[in-house]
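An overview of the molecular structure
As a plain string of letters, each chain reads:
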Amino acid sequence: VGFDATVLGPNDILEDIEKAKTMETAPPTSIIEDDFDEKIESSSIVTNSSGKATFQVGGMSCAVCTGRVERALLSVDGVVEASVSLPTSRARVVFEDFSQHILKEGGPEAVKKKVSMLAELCASEVQQGGYNCEIISAIALGLSDTEEDDDGGVTLADNAARMESARKEEMKFWRDLLATACIFTIPLVAIHFSTAKIEHDHNHGPAWFEWVSLILATPVQFGVGKKFYVSAYHSFVNGKVLGMDFLVAMGTTAAYAYSVTIFLLEEVRFEAGPGTGHLKPTFETGAMLLMFVTFGKFLEAYAKGKTASALQKLMELQPVIATRAIVPPDYLVQIEEDGDARGKKGDYVVSANTHINSLQTEDVDIKDVKIGDYLLVLPGARIPTDGVLAANEGQGKGSYVDEAALSGEPFPVAKALGDTLYGSTINQLSVILMRVTATGSGTVLARIVRLIDEAQGNRAPIQAQA
């Protein structure tokens, strides 16, 4: 049998032959259709039939925001669980078990379409609450036995890039607002203190420095303050919540409105009554408050980036390019006895005497690596994904791998043929050939990242009442 070794392996061909034998002895088609309901109920398709989705949420600044986003996600019909992480600005939802009846009507594609529709509804609900929301992945679970490897096409490198992009975008937003506030507020404060002792008859119209103060304060109030006005409006309309944004907007608006009122009274040369001549505009009050709050928001965004940096660096450990080796069929041997670390009896594996440097190779994206592929790893290079040691260069029967990135072990770990190799660890002394056993979210590194990310999103039950 001739086949393309980059697509199929000997084990795949043997499995196809066994399936063909089963089909030859299978009952008639009509009997299979009568038994379809029992097949569906007993198969792995509906065992864990639900879905999950991950979102990138922008605009969250405190625990109140995460609570609002979580309640918005839970309000969508079909969502049974939601968690929001403030440091990473990520939200995750789990959908209810709805696929049993959908599978009977439309098959797996109908389930995937349903999951995508629910994810879009969740994103829309969060956006209506005043937050930016982007769907990172929407995955239908239980459609295959390899669902752990289904990461929705998002690699760790993609996740790290998205997180870094969101962090930079948030930092730039608050940095620009802070710069705008400083440009107008610092001269405003300087004018206030330099003219504090200047005598002026307020009954004869505003002074020149009051005109300048009005001109400087207005862009700060309605340019820098726009973000707080919009957030306060969405908080009140969608959640009936009067949060910090509302307090900032109300306080600065009161100071600005008071100053404008006094300014207009002076403009129309209002004759103030006894004891009221000391009243004068205080435009610097609201502008200084907005500048300090914006500075705090900028520091908060910087601190959030530092909190998520450890998780981001962990994601960046995974290489983005792998060297795939094309193994000819005559380089494969069959395992004849049980107990071989390289695989089960009857499996085809690469001969230990293979000259791996003579194999034809090609560089591929890590997303294109499949289970069963053979990858070539040079000394000093990171292992792209999880697998087993198939062969190594030289006379020895093993190699050494630095696993400090995962285990903290300071010394290289000896690896014999058939031993497990973990993605992101570093090959040491010799060129090795590995067979891939897990990709995407099925790797050890991806599971570690997922556990850390989920731990940051979990909250104690009492926090829901805070």
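Residues numbered from 1 in each chain as written. Predicted model: local features only at pLDDT ≥ 70, side-chain atom pairs only at ≥ 80, totals over all residues. Heavy atoms only, no water.

**A word on the overall build of the protein**
What the protein contains, in helices and strands, is 13 helices and 15 strands. Within the protein, the proportion of its 466 residues that are buried is 40%. Intrachain contacts of the protein at a sequence separation of at least 6 include 73% that bridge at least 24 residues. As displayed, the protein offers around 25,100 Å² of accessible surface, 58% of which is attributable to carbon and sulfur atoms. (Helix = DSSP H or I, 4+ residues; strand = E, 2+ residues; numbered from the N terminus. Buried < 20%, exposed > 50% of the residue type's maximum accessible area, 1.4 Å probe, protein only. Contact = heavy atoms within 4.5 Å. Areas by Shrake-Rupley, 256 points an atom, 1.4 Å probe, with all protein chains shown as cover.)

**Section: the nonpolar core**
Counting 25 residues, the largest nonpolar core has Trp174, Leu188, Phe228 and Phe283 as its most contacted members. Secondary structure elements with two or more residues in this core: α7 (156-194), α8 (208-224), α10 (244-267) and α11 (283-315). Not counting residues within four places of it along the chain, the set of residues in contact with Phe283 comprises Leu188, Glu210, Ser213, Leu214, Ala217, Tyr256, Ser259, Val260 and Phe263. Counting 24 residues, the second-largest nonpolar core is a separate cluster that includes Met60, Val93, Phe95 and Tyr131. (Core = buried A, V, L, I, M, F, W, Y, C linked by side-chain atoms within 4.5 Å.)

**Topic: the pairing of strand β10 (residues 386-392)**
The buried fraction of β10 is high, at seven of seven residues. Bridge count for β10 against strand β15 (residues 432-438) is six bridges, and the pairing is antiparallel. Residue pairing across strands places Asp386 opposite Ala438, the latter belonging to β15. (Pairing = 2+ DSSP bridges.)

**Quick look at the layout of surface pockets**
Here the largest pocket defines a volume of roughly 980 Å³. In terms of lining, the largest pocket is formed by 46 residues, of which the most central are Gly58, Gly59, Met60, Asn132 and Glu170. With nine residues, the single largest contributor to the lining of the largest pocket is α7. Taken together, the residues of the lining of the largest pocket break down into 19 nonpolar, 16 polar and 11 charged. (1 Å grid on protein atoms, 1.4 Å probe; cavity = no way out; pocket = protein on both sides within 12 Å on 5 of 7 lines; lining within 4 Å. Points joined across faces, edges and corners; volume = space filled by probe spheres on them. Nonpolar A, V, L, I, M, F, W, Y, C, P; charged D, E, K, R; others polar.)

**With respect to the packing of aromatic side chains**
With the rule as written, the count across this model stands at eight aromatic pairs. On the numbers, 5.2 Å between centres and 80° between planes, the contact of Phe173 with Trp174 is edge-to-face. Take Phe173: its relative accessible area is 37%, and that puts it in the partly exposed class. For Trp174, a relative accessible area of 7% translates into the label buried. Here Phe222 and Tyr256 contribute two aromatic rings whose centre-to-centre distance is 5.4 Å and whose plane-to-plane angle is 90°, an arrangement assigned as edge-to-face. With Phe222 in helix α8 and Tyr256 in helix α10, this residue pair connects regions lying 34 residues apart in the sequence. For Phe222, a relative accessible area of 47% translates into the label partly exposed. An aromatic cluster is present here, built from Trp211, Phe222, Tyr229, Tyr256, Phe263 and Phe283 joined pairwise through their rings. (Phe/Tyr/Trp six-rings, centres within 6.5 Å; stacked < 30°, edge-to-face > 60°.)

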